[in-house]
Amino acid sequence: MTFQTGHIGLNVSDLDASKDFYLKVFGFEVFGESGEADRRYAFLGLDGELRLTLWQQSEGRFSTATPGLHHLSFQVPDIEAVRRAETVIREIGATLHHDGVVAHREGSSSGGVFFEDPDGIRLEIFAPTGADSSPAPTEGAPTCGFF
């Protein structure tokens, strides 16, 4: 049996703010949404494929203190796409970790940017190669456990 991740569903506190964030940073399209007060959601995707569903049914901020999601990682084809995403992340004022693009570890060619959405959900956009000239996170702060 083979498994592949399907779309991701996220609970958010403000659908409009989250939708705007994901459209800007990832370039997603809105495939559908509901404006019903008690059941607001938006289906977001690319190239005809559903990638993310946002559900407005939460309050507060993302908790790193309870079991569950650590971070969401999105792969892009090359480091230039990572740098374009970094520019957008900086422009919209999202929380950016490691001060920009970093290699996954010392000597690694893979790397990316690590940041948070409006609810504090931890995100990564990375490329499998091209980060060789980027610094690695400081000792004790590996990128997959960087928070």
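Residues numbered from 1 in each chain as written. Predicted model: local features only at pLDDT ≥ 70, side-chain atom pairs only at ≥ 80, totals over all residues. Heavy atoms only, no water.

**Quick look at the packing of aromatic side chains**
- For the coordinates displayed, the defined rule picks out eight aromatic pairs.
- Consider the rings of Phe21 and Phe115, whose centres lie 6.3 Å apart with planes at 45 degrees: the pair is tilted. Taken together, the residues Phe21 in helix α1 (residues 15-26) and Phe115 in strand β7 (residues 111-116) connect sequence positions 94 residues apart. Each member of the pair, Phe21 as well as Phe115, carries the same accessibility label: buried.
- One aromatic cluster is present, built from ring pairs that chain together Phe21, Tyr22, Phe26, Phe28, Phe74 and Phe115. (Phe/Tyr/Trp six-rings, centres within 6.5 Å; stacked < 30°, edge-to-face > 60°. Helix = DSSP H or I, 4+ residues; strand = E, 2+ residues; numbered from the N terminus. Buried < 20%, exposed > 50% of the residue type's maximum accessible area, 1.4 Å probe, protein only.)

**Considerations on the UniProt feature "domain: VOC" (unreviewed entry) in the protein**
- UniProt's entry tags residues 4-128 with the feature "domain: VOC" (unreviewed entry), counted in the numbering of this structure.
- Here residues 4-128 runs as 21% helix and 40% strand, with 18 Å between its end C-alpha atoms. (UniProt positions renumbered as here; feature names shortened; annotations may be inferred.)

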